[in-house]
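Notes for the structure review
Each chain, letter by letter, is given below.
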Amino acid sequence: MSAERLAKIPEADIDPNGVFKYVLIRVHSKDDDSYVDIVRGYAWAEYHADIYDRVAGELEKSGGLDCECLGGGRIKHDKDAKKIHVYGYSMGFGKANHSVSTEKIKTHYPDYEVTWADEGY
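Report follows, based on the coordinates. Nothing here was measured: the structure is a model prediction, and the numbers come from that model.

As for the nonpolar core
One finds Ile9, Ile25, Val27, Ile38, Val55, Leu59 and Cys67 to be the most contacted residues of the largest nonpolar core, which totals 17 residues. Within the residue set of this core, elements represented by two or more residues are β2 (18-29), β3 (35-42), α2 (48-60) and β4 (65-78). Per-element tally for this core: the top contributor is α2, with five residues. The residues touching Ile9, leaving out its near neighbours within four places in the chain, are Val27, Val36, Ile38, Arg40, Leu59 and Leu65. Grouped together as the second largest cluster of nonpolar side chains are 14 residues, Tyr22, Val39, Ile84 and Ile105 included.

The structure is reproduced here in structure tokens:
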């Protein structure tokens, strides 16, 4: 049951264009050892914690799931050029593993050039 619930959670959900903060979240099942890592990035967020708090709250309220923030950074999404660049870090959560984040994003944007770098804030 828990693996089915985790499989239904989209691995990536980011704003369609612009530069914005993002977080990499590990969603654990409380029933067993299964988990999924997800990327969430939105321009409305002033802080990385704003994204984490909202997403974790929504996922955890139904019960059976527990969330952990693995880090954050920034995303530059250029929909016209079909490019997404992942970089930077979160002051509160530290730097996410951008290589993991880019792989998650590529599954939802297969026709995009998706790159990452450890430089920048």
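Past the structure itself, the notes keep going.
Re the sheet that holds strand β5 (residues 83-87)
Pairing is mixed across the open sheet formed by six strands, whose spatial order is β1-β3-β2-β4-β5-β6. Since the sheet does not close on itself, it has two edges, and those belong to β1 (12-14) and β6 (113-116), each with one partner. Sheet twist, expressed as the mean angle between neighbouring strand axes with direction ignored, is 25 degrees. Sheet topology note: the β2/β4 ladder contains twelve bridges and is antiparallel. Bridge pairing links Lys21 to Arg74 in β4. Packing against the sheet, α2 makes contact with β2, β3 and β4, and its axis sits at approximately 135 degrees to β4. Here helix α3 (residues 98-108) sits on the sheet and contacts β1, β2, β3, β4, β5 and β6; the angle it forms with β6, its principal contact strand, is near 170 degrees.

Some remarks on α2
Think of an α-helix as turning once every 3.6 residues; residues three or four places apart then point the same way. Between its first and last C-alpha atoms α2 spans 18 Å; for 13 residues at 1.5 Å apiece the expected length is 18 Å, and the two agree. Within the span of α2, buried status applies to His48, Ile51, Tyr52, Val55, Ala56 and Leu59. Buried positions in α2, seen along its axis, are confined to an arc of 110 degrees and lie on one side of it. Summarising the contacts, the buried residues of α2 are in contact with α1 (2-7), β2, β3 and β4.

What to know about the pairing of β6
As judged from the four bridges shared by β5 and β6, these two strands associate in the parallel manner. Looking at the pairing, Lys83 lines up with Glu113 of β6.

As for the side chain of Lys104
Turning to its location among the elements, Lys104 is positioned in helix α3. Residue Lys104 is classed as buried on the basis of its relative accessible area, which comes to 15%. Setting aside anything within four residues of it in sequence, one finds Lys104 in contact with Glu11, Ala12, Asp37 and Val39.

As for the packing of aromatic side chains
The full count for this structure, using the stated rule, is three aromatic pairs. Seen in terms of ring centroids, Tyr42 and Trp44 are 5.6 Å apart; in terms of plane orientation they differ by 10 degrees. Their pairing is stacked. Overall, Tyr42 belongs to the buried group, its relative accessible area being 10%. Overall, Trp44 belongs to the partly exposed group, its relative accessible area being 38%. Where Tyr52 meets Phe93, the ring centres are 5.7 Å apart and the plane angle is 65 degrees; that geometry is what we call edge-to-face.

Conventions adopted
- Residues numbered from 1 in each chain as written.
- Predicted model: local features only at pLDDT ≥ 70, side-chain atom pairs only at ≥ 80, totals over all residues.
- Heavy atoms only, no water.
- Core = buried A, V, L, I, M, F, W, Y, C linked by side-chain atoms within 4.5 Å.
- Buried < 20%, exposed > 50% of the residue type's maximum accessible area, 1.4 Å probe, protein only.
- Helix = DSSP H or I, 4+ residues; strand = E, 2+ residues; numbered from the N terminus.
- Contact = heavy atoms within 4.5 Å.
- Pairing = 2+ DSSP bridges.
- Axes fitted to C-alpha atoms, helices over the stretch in contact; angles between N-to-C directions.
- Expected span 1.5 Å × (residues − 1).
- Arc of directions from axis to C-beta.
- Phe/Tyr/Trp six-rings, centres within 6.5 Å; stacked < 30°, edge-to-face > 60°.

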